[in-house]
Each structure stands twice: as C-alpha cells, then as structure tokens.
Amino acid sequence: MTTAQTSVDLDVQPSPLALLLLGREADPKSERGVECPGDLPSPSDPDLVARARAAKEKLGDKVFVLGHHYQRDEVIQFADVTGDSFKLARDAAAKPEAEYIVFCGVHFMAESADILTGDDQKVVLPDLAAGCSMADMATAEQVAECWDVLTEAGIAEQVVPVSYMNSSADIKAFTGKHGGTICTSSNAKKALEWAFEQGEKVLFLPDQHLGRNTAVRDMGMSLDDCVLYNPHKPNGGLTVEQLRDAKMILWRGHCSVHGRFSVESVNDVRERILGVNVLVHPECRHEVVAAADYVGSTEYIIKALEAAPRGSKWAIGTELNLVRRLANRFAAEDKEIVFLDKTVCFCSTMNRIDLPHLVWALESLADGKLINQIQVDAETESFAKLALERMLALP
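Counting of residues starts from 1 at the beginning of each chain's written sequence and follows it residue by residue. Under the rules for a predicted model, residues below a pLDDT of 70 receive no local features and side-chain atom pairs below 80 are neither given nor counted, while totals for whole chains, interfaces and linings still include all residues. Hydrogens and waters are ignored; side-chain quantities use all the structure's heavy atoms.

**Examining helix α15 (residues 298-307)**
Now for step 1: Categorising residues by exposure relies on relative accessible area from a 1.4 Å probe, with only protein chains included: less than 20% of the type maximum marks a residue as buried, more than 50% marks it as exposed, and the intermediate range marks it as partly exposed. Secondary structure follows DSSP: runs of H or I at least 4 residues long count as helices, runs of E at least 2 residues long count as strands, and numbering of each begins at the N terminus. Considered for burial, the residues of α15 that qualify are T298, E299, I301, I302, A304 and L305.
Now for step 2: Only heavy atoms matter for contacts: two residues are in contact if any of them lie within 4.5 Å across the pair. Here the buried face of α15 lies against β2 (81-83), α5 (85-93), β10 (277-280), β12 (313-317), α16 (320-329) and β13 (336-339).

**Comments concerning the pairing of β10**
Now for step 1: Neither face of β10 is open: one carries N277 and L279, the other V278 and V280, and all of them are buried.
Now for step 2: For two strands to be treated as a pair, DSSP must find at least two bridges joining them. Pairing analysis gives 4 bridges linking β10 to β12, with the strands arranged parallel. Looking at β12, one finds that V280 is bridged to G317.
Now for step 3: When β10 meets strand β11 (residues 294-295), the two strands line up parallel, connected through 2 bridges. Opposite L279, over in β11, you have Y294 as the bridge partner.
Now for step 4: Each parallel crossover has a hand, and the one from β10 via helix α14 (residues 286-291) to β11 is right-handed. Clockwise travel from the first strand over the helix to the second, with the strands pointing away from the viewer, marks a crossover as right-handed.

**Topic: the sheet that holds strand β5 (residues 159-164)**
Now for step 1: Across the sheet, which stays open at both edges, the 5 strands sit in the order β6-β5-β7-β9-β8 with parallel pairing between neighbours. With one partner strand each, in any of the chains shown, β6 (181-183) and β8 (226-229) form the two edges of the open sheet. Each adjacent strand pair in this sheet contributes to an overall mean axis angle of 25°, direction not counted.
Now for step 2: Relative to β6, β5 runs parallel, the two being bridged by 3 bridges. Pairing of Y164 across the sheet is with C183, part of β6. Here, axes are lines fitted to C-alpha atoms. For helices the fit covers the stretch in contact, and angles between N-to-C directions go from 0 to 180 degrees.

**A look at the confidence of the model for the protein**
Now for step 1: Across the chain, each position has a pLDDT score giving the predictor's confidence in that residue, from 0 to 100. With 90% of its residues at a pLDDT of 70 or more, the protein has an overall mean of 89.
Now for step 2: Overall, residues 1-29 carries pLDDT values under 50, and its contacts beyond four positions in sequence, including any with other chains, amount to 26 contacts.

**Things to note about the side chain of N187**
Now for step 1: Here N187 shows up in the loop between β6 and α10 (188-198).
Now for step 2: Classification of N187 as buried rests on a relative accessible area of 16%.
Now for step 3: Discounting chain neighbours no more than four positions away, the residues touching N187 are M391 and L394.

**A closer look at the packing of α10 against helix α11 (residues 208-218)**
Now for step 1: The N-to-C vectors of α10 and α11 enclose an angle of 80°; their axes lie 10 Å apart at closest approach. Relative to α11, α10 is oriented roughly perpendicular. Residue-level contacts link A188, K189 and L192 of α10 to L210, T214, A215 and D218 of α11.
Now for step 2: In the scheme used here, Gly and all other residues not listed as nonpolar or charged are polar, with Ala, Val, Leu, Ile, Met, Phe, Trp, Tyr, Cys and Pro taken as nonpolar and Asp, Glu, Lys and Arg as charged. Its residues assigned to classes, the contact of α10 with α11 shows 4 nonpolar, 1 polar and 2 charged. In what follows, roughly perpendicular refers to angles from 65 to 115 degrees, roughly parallel to angles under 35, roughly antiparallel to angles over 145, and oblique to any angle outside these ranges.

**Quick notes on unusual backbone geometry**
Now for step 1: That bond from L205 to P206 is cis: its omega, -20°, falls within 30 degrees of zero.
Now for step 2: By the secondary structure assignment, P206 is in the loop between β7 (201-205) and α11.
Now for step 3: Of note in this structure, N235 is not a glycine but carries a positive phi near 55°.
Now for step 4: Structurally, N235 is set in the loop between β8 and α12 (240-245).
Now for step 5: What makes N235 partly exposed here is its relative accessible area of 38%.
Now for step 6: Phi is positive for N372, which is not a glycine, with a value near 50°.

**Details of the sheet that holds β2**
Now for step 1: Taken together, 5 strands build an open sheet; the order of strands is β2-β1-β3-β4-β14 and the sheet is mixed. Because the sheet does not close on itself, it has two edges, and the strands there are β2 and β14 (373-374).
Now for step 2: Of the pairings in the sheet, the one linking strand β4 (residues 122-124) to β14 comprises 2 bridges and is antiparallel in character. Bridging across to β14, V123 finds its partner in I374.

**With respect to the environment of L394**
Now for step 1: By the element assignment, L394 lies in the segment after α18 (378-392).
Now for step 2: With a relative accessible area of 12%, L394 lands in the buried category.
Now for step 3: For the pair L394 and C183, spaced 211 residues apart in sequence, the C-alpha separation works out to 9.7 Å.
Now for step 4: With residues near it in sequence (within four places) discarded, L394 still touches N187, K190, A191 and W194.

The structure is reproduced here in structure tokens:
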C-alpha cells in the first residue's frame, strides 16, 4: 500500500487515521472498508445507463440486484427488489439460483446477506467504502470490554444483548454467543419483550435512540430505567450502582442522518405547513419521537403514506433519497410530502453506491471477474446466524 507522494516529499509519516480518511488504508477492525480497486467509468459518461442495462442482461439470472430504500434513483432503477436491510437479505436467501448478489446498500447489509445466503453464492458490494457510521460506533473489542465491565459489576449473567440489524457481523456474532437476539426497527419491541423473559437487563447495541424509544415509548419504562454506556470512557462512564439499577444499558451510538432531526425541526414545519402530519423513524432522538404524530420503520413510513388520504400533508424524518422518491410517487394524489429538516441530508455512505460503481461491478461480473466480495468467516457466521434465527423465531 502506498502513501501520498506529498508526505514522502516532506518526510512526514501520515497517521493511520489520516490514511484511513484519505481512503489509502483499511481498518480491519472497523465494520466498513475503504479500498475499492479497479477503474470506475466517468460519472459524466452518458452511456452509463445503457452499460448497466447491457451488463445486467448479459448476466441474466446469474445476478440478483438488491436496492435499499435510501439508494439514489439512478441506482434503484436497476434493483430487482427494494426494501430495508433485513428484507433484502431474506430476498437474497430466497434466490438460491443467483450466483451473484449485488447489494446496493452498505457493508453490514452485505454481511447479513452473506450470512443468510448459500455457500455457493457470492455477495458483492459495489463500493467497499459504503459503510455505516452507526455500525462503526460499536467494535468487537469495545463490546467485549463492556461485557468485562458488566461481569466485574456482577450483572453479566442477568444481561441479554439485543443488537440492532444495523451492526457488524462481529457484533451479531457476539450477540448470538451471549444468548441474545437481533432486532429491526419494526420488531424491536418483540425482541425486547423476549429478552426480558430471558434476563433482567438488556444491553442494546448500537443505536441508543431505537433502544430508548422502544423501552420508554412502546414498553412503558421510564428514562430513569435507561443508562448510556460510553465505550470511550472507563467503565462506560457509569458507576456499578448505575449499572445494577438499570434495566436498559444503551450503547452510545446513533444514526448520523436520523440523529440530526430536532424538536425545532418539528416546531418549524408545523408553523410552515398548517395541518401537517409529522412522521419520523425511531432512530430519531427521544424528544423528536415524543413531538411527532407518528413513529415507525422505513416500511411503516411507506405504508402510512400509501394509506394516507388525498390532499394530506406530511413531514418525514428519515433519509432524503426516500423522502424525495415518496414525494414524487404520491404527487399525483395531491399528498404534500416534505423533508422534516430544512437542511438537505443524504446518508453519505449509502450514497457512495452510485451508477459508476454499479456499472463497474456489473461489467466486471459479466467479464468473469469477481470484485468486492463480502465474506464473513465461518465462526462469526455461525454465531451471527444463531442470533438472526432467534429473531426469526420471535412471535
């Protein structure tokens, strides 16, 4: 791996973090990768759509393209199925005849697809730098250290880990190994109810907001039942007494997109649009969820707008690509759909999957070259699948 020429000229050795941010090194302990070998077509190439279509047709049934709801329209047009992360992983598992699964999403989603698909199927992520900042907020080493803290506090045997789908394969494996389950934003309440049948406390990873909102809003707990574990502080920044008194031990992680919405955003849109319905994702902060009219997963948001009466007005607190797509889709029904925040905010890592990367991936596969394969090692896959299977068994 080479470093920047300017650094050599100045006889300065760049730090590992600097190289990581520049995309010239990879962090094997991070959920996301940064390397992306190969020459991408120019984004200004007017033939990109035709090239993608030709490569996909050449591959035929050998390829199955998955498109997450947050993807750009230029990418989503080539998806065989669209959905949230877990739905797409299950769709891939239900397509055993497809040799290649091209996942237009982010790294942890492709990992889940690899875990759930057959050994003969190959999962490809068009850009390895398409990661998830939330998933990166909980590393395997940090979570293992947290478990040591819980053990020293004498409560580990009472704690059941529940990990959000938006986590790395390593965290899913930790969860499975320690008797826990995975959840989505749709079934988080069921997962927590199951967990509290198994133990007295829950360690919720890695999104504090989904954990807090589910516990307080959906299950009737109080904010005092929740403590926030900060992996960057000794003992998570908590006393032994706080850990022993808590029911929900929330990991200090969040979604960079949903975490930006504020109560001010809600108040502002209510002033600007008379009679607006505020609909937000449960990854938003607790005070935002409390101020909203409706709260639900990505699929819930889509279904709510499908069922909404003509002429209704909606402010949506989720990723902008999806909000804009829904606004265009329902414009003919006179449904006014706006982004909750005045500031434009895409999921930056999800948007790394652009048309040039997709064209490069499809053309490479069509030429018989396997690129950017996502593979989860056998031991990690075994425990991660155990956690996923516990989720699938939830009522």
